[in-house]
Amino acid sequence: MINTNDILETISMIEQEHLDIRTVTIGISLLDCIDPDIDRACQKVYDKITRIAARQVAVCEEIEGELGVPIINKRISVTPISMLAAACHGQSPVKFALTLEKASRALGVDFIGGYSALVQKGFAPGDLALIESIPEALSVTDHICSSVNIGSTRAGINMDAVCKMGYIVKEAARLTADRNCIGAAKLVVFCNAVEDNPFMAGAFHGVGEADCCINVGVSGPGVVRSALAKHKGEDLSAVAECIKRTAFKITRIGQLVATRASERLGIPFGIVDLSLAPTPAVGDSVAHILEEMGLEQCGGCGTTAALALLNDAVKKGGVMASGHVGGLSGAFIPVTEDAGMINAATTGCLTLEKLEAMTAVCSVGLDMINIPGDTSPEVISALIADEAAIGMVNSKTMAVRVIPAIGKKVGDTLSFGGLLGEGPVMNINTASPHEFIHRGGRIPAPLQSLKN
Amino acid sequence: MRAVITVVGKDRVGILATVSGKCAENGLNIVEVTQSVLQDMFCMIMLADIGEMEISFSQFAENLKKMGAEMNMDIHCMHEEIFDTMHKV
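Visitor: Sorry if this is basic, but what is going on with the overall build of chain A here?
Guide: On a plain count of helices and strands, chain A comes out with 16 helices and 13 strands. Against the globule reference of 22 Å for 452 residues, chain A gives a C-alpha radius of gyration of 21 Å, in line with a compact fold. Evaluated residue by residue, chain A yields a buried proportion of 63% over its 452 residues. Restricting to contacts in chain A with at least 6 residues of sequence separation, those with at least 24 account for 79%. Taken as a whole, chain A presents about 16000 Å² of accessible surface, with 52% of it coming from carbon and sulfur. Across chain A, the mean location of the 37 positive side-chain charges is 3 Å away from that of the 49 negative side-chain charges.

Structure below.
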């Protein structure tokens, strides 16, 4: 018989420690929907998505019931819409966003990601039109997420795009100011974006991917924290070992769910993303893991080192548990989605500067950070450029998802509800980068040798 | 294919009978049972064959959970596969 302790451990992981599958995301290629007539293209998009994902929600609920593990979100990622918009010259790409929204409502999925453009080296036809339409698209839809890749280690950073995105982020917040600036929370700016990411807001289905595939994102910071609680006083080698073992178990569940979903939906398995994704629920926080390691509060000195250990151990443990690992894989540090981070930001222990340092060793970047509503677009662009530079030089995925809290100042709270949580408006350095940002051009790709 | 049923709660008369009755009703064959009573806390783990089960697994798990709530006990019914996957390399 199975070991009694193992059984009880699994049940307590799910019941008390918030172990869940964060998302089952179906990636769908829309390359065969490209059409110069935007209405015809939209119809093809709608038909293809609703055909492929028709049973997604039902199958996920079935698996959830059988395994007893909650599957929190069912999502879809699609080919970057800028590629479809490229063929529809002179017509607003917002029609595509509305089509995706209609499809998401028809299917009952939580999010569709891929209202995206990849402009790391320059703008192709459709890219600029799509980027300029992002604020409107996010304000007239509820379930659509958008991302723009503005840099990569091999291409450098497209500073014209960075300059533009400062304005777009601000405008996305302004157009949804009556809804807690939610538009900006559905928009992420990437450097080194990955093509198989199942997590929002940055999910899109890369052009190198198959026609469709299933990508699963796991969660479970609460599980890691309570596993660590049993190793008080032990050295950091023991801590790393404990995290690896726990990440292995968490990822195995992700693999099991992915395999089952793939069989039942008849869609090939893509990857498991072994991310530690926090939620605002008490006991489901990445910051609390760092504090469990022995920091008084997340944000103090030692935070970056603790996070580096965590991020690496999660990957090492998870890699062996899954056939194919991909996506963003690592520890997320979204401020408003993490009870411990919210607390640390509120007390002032966690600052934007510290978060920037932490992003050099975490899995993504500056995520879900509220900044004052009067922050200039240039400052936002410069923040994006800083993060992109860290990602570009270190060959890692970097992202910026900041929310200019329109009408609010430092210390006020902006609340989104649900998985997006709430958090204080954080201080941002406002010394003007105006001239630097408006120079435009490209930051050349970095040298990959002479690593110092 | 087997289900793992765990029952935890305050000890009382008829817990085993009620849960195994429910299993029989739905065509599950109980293969193994381990139980212990610590002071007045009852803890039981049951392994049941679901090859001949007459309703869907999730429906059965849901029914057990509801029954547990009525009895003031915590009852979980999960697929054996999840434990094998998690705890065996």
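After that view of the structure, there is still more to cover.
Visitor: Looking at this structure, how should I read the interface of chain A and chain B?
Guide: When the parts come together, some accessible area is lost, and that loss is often what is quoted as the size of the interface. In this assembly, 25 residues from chain A lie in contact with 23 residues from chain B. Taken together, the links from chain A to chain B amount to 1 salt bridge. For Arg260(A), the salt bridge goes to Glu81(B), with nearest N and O atoms at 2.2 Å. On the surface where chain A and chain B come into contact, there are 5 residue pairs in polar contact (both at pLDDT 80 or more).

Visitor: Would you mind going over the domain arrangement of chain A with me for this structure?
Guide: All names here are of chain A. With domains assigned, chain A is organised as domain 1 (23-191) and domain 2 (218-443). Counting residues at the interface gives 45 residues for domain 1 and 48 residues for domain 2. At the boundary of domain 1 with domain 2, total buried surface from both sides reaches about 3800 Å², with 70% on carbon and sulfur atoms. Together, Ile-157, Met-159 and Lys-170 form the three largest contributors to the area buried by domain 1 at its contact with domain 2, with a combined 17%. At the boundary of domain 1 with domain 2, the tally comes to 3 salt bridges.

Visitor: Is there a simple way to think about the sheet that holds strand E3 (residues 41-49) of chain B in this case?
Guide: For sheets, the rule is that strands pair by backbone hydrogen bonds, running either parallel or antiparallel. Residues and elements named next belong to chain B. With antiparallel pairing, 4 strands are arranged side by side in an open sheet as E2-E3-E1-E4. Each edge of the sheet is formed by a strand with only one pairing partner; in this case those strands are strand E2 (29-38) and strand E4 (73-79). Adjacent strand axes in the sheet meet at a mean angle of 10°, parallel and antiparallel pairs treated alike. Helix H1 (residues 15-25) contacts strand E1 (2-10), E2, E3 and E4 of the sheet and is inclined by roughly 20° relative to E3.

Visitor: In this structure, what is going on with the pattern of salt bridges? I would like to understand it.
Guide: Any two side chains of opposite charge can pair, on the condition that their charged atoms come close. All names here are of chain A. Inspection of the entire model under this criterion finds 27 salt bridges over all chains. The closest approach of N and O atoms between Glu-241 and Lys-244, which form a salt bridge, is 3.4 Å. In this pair, Glu-241 and Lys-244 both sit in helix H10 (residues 236-265), 3 residues apart, roughly one turn of the helix. The class for Glu-241 is partly exposed, based on a relative accessible area of 33%.

Visitor: Is there a simple way to explain helix H3 (residues 56-67) of chain A in this structure?
Guide: For an α-helix, the turn length of 3.6 residues means that residues three or four places apart are oriented alike. Residues and elements named next belong to chain A. The end-to-end C-alpha distance of H3, which contains 12 residues, comes to 16 Å, matching closely the 16 Å that a straight helix rising 1.5 Å per residue would cover. When we look at burial in H3, the residues that qualify are Gln-56, Val-57, Val-59, Cys-60, Ile-63, Glu-66 and Leu-67. Looking one or two residues beyond H3, the residue adopting positive phi is Gly-68, at roughly 75°.

Visitor: In this structure, what is going on with the packing of aromatic side chains? I would like to understand it.
Guide: What describes a pair of aromatic rings is the distance from one ring centre to the other and the angle between the planes of the rings. All names here are of chain A. Here the structure, examined in full by the defined rule, presents 1 aromatic pair over all chains. Ring centres 4.9 Å apart and planes at 80° place the aromatic pair Phe-199 and Phe-332 in the edge-to-face group. Separated by 133 residues along the polypeptide, Phe-199 in the loop between strand E6 (187-191) and strand E7 (212-218) and Phe-332 in the loop between helix H12 (303-319) and helix H13 (339-347) bring together distant segments of the chain. In terms of burial, Phe-199 and Phe-332 fall into one category: buried. The aromatic ring of Tyr-46 is capped on one face by Lys-102, whose charged end is 4.5 Å from the ring centroid.

The rules behind these values
- Residues numbered from 1 in each chain as written.
- Chains lettered and ligands numbered in written order.
- Predicted model: local features only at pLDDT ≥ 70, side-chain atom pairs only at ≥ 80, totals over all residues.
- Heavy atoms only, no water.
- Helix = DSSP H or I, 4+ residues; strand = E, 2+ residues; numbered from the N terminus.
- Rg over C-alpha atoms; globule rule 2.2 N^0.38 Å.
- Buried < 20%, exposed > 50% of the residue type's maximum accessible area, 1.4 Å probe, protein only.
- Contact = heavy atoms within 4.5 Å.
- Areas by Shrake-Rupley, 256 points an atom, 1.4 Å probe, with all protein chains shown as cover.
- Lys, Arg positive; Asp, Glu negative; His and termini not counted.
- Charge placed at Lys NZ, Arg CZ, Asp CG, Glu CD.
- Salt bridge = Lys/Arg side-chain N within 4 Å of Asp/Glu carboxyl O.
- Polar contact = N/O pair within 3.5 Å; in protein donor to acceptor, adjacent residues only side chain to side chain.
- Domains from an automatic or database assignment.
- Buried area = accessible area lost by both parts, 1.4 Å probe.
- Pairing = 2+ DSSP bridges.
- Axes fitted to C-alpha atoms, helices over the stretch in contact; angles between N-to-C directions.
- Expected span 1.5 Å × (residues − 1).
- Phe/Tyr/Trp six-rings, centres within 6.5 Å; stacked < 30°, edge-to-face > 60°.
- Lys NZ or Arg CZ within 6 Å of the ring centre and 35° of its normal.

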